[in-house]
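Understanding the architecture of this molecule
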Amino acid sequence: MSPRLVLPAALRNCADGRREVEVQGATLREVLDGLATQLPVLERRLRDERGQLREHVLVFVDGVGVRGAAELDTPVRDGAEVYVAPAVSGG
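Residues numbered from 1 in each chain as written. Predicted model: local features only at pLDDT ≥ 70, side-chain atom pairs only at ≥ 80, totals over all residues. Heavy atoms only, no water.

The biggest cluster of nonpolar side chains holds 24 residues, and the ones touching the most others in it are L5, V21, L28, L35, L42 and L46. Listing elements by their share of this core, those giving two or more residues are α1 (28-38), α2 (40-46), β3 (57-61) and β5 (81-86). Residue contributions to this core peak at 4 residues, all from α1. Excluding residues within four positions of it along the chain, L28 makes contact with L53, V59, V66, E71, L72, T74, V76 and V82. (Core = buried A, V, L, I, M, F, W, Y, C linked by side-chain atoms within 4.5 Å. Buried < 20%, exposed > 50% of the residue type's maximum accessible area, 1.4 Å probe, protein only. Helix = DSSP H or I, 4+ residues; strand = E, 2+ residues; numbered from the N terminus. Contact = heavy atoms within 4.5 Å.)

And the structure:
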């Protein structure tokens, strides 16, 4: 069973309106690299021109937040749920 990328409503327009996208990869980097081919507009909303996660994008793999120096090397198991959410900031 392949991992699934779960999208918030704000990003579904980049995935033909889909809530979930089946993805491939053993790490978050591989998942996003594959997404660059599968849905390039969505991938550019998640990563910057250096290939890093954008500052205001939160990613969770099986419910665990992904951040830090090794964020893109986070393992993604078969059947994992990779959830993307926009960060909320302000005062």
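After presenting the structure, the write-up continues.
Time to look at α1. Inspection of α1 places L28, V31, L32 and L35 among the buried residues, and these make up the whole buried set. Buried residues in α1, looked at end-on, bunch into an arc of 90°, giving them a common side. In this structure, the buried side of α1 is in contact with β1 (4-6), β2 (20-22), α2, β3, β4 (64-66) and β5. (Arc of directions from axis to C-beta.)

Moving on: the pattern of salt bridges. Enumeration according to the criterion identifies 11 salt bridges in this entry. Notably, a salt bridge pairs D16 with R18, separated by 4.0 Å at the nearest N-O pair. Note on D16: relative accessible area 68%, which makes it exposed. Exposure remark for R18: the relative accessible area of 33% places this residue in the partly exposed category. One salt bridge in this structure joins D73 and R29, with 3.1 Å as the shortest N-O distance. (Salt bridge = Lys/Arg side-chain N within 4 Å of Asp/Glu carboxyl O.)

Function cannot be read off these values alone, since they describe shape.
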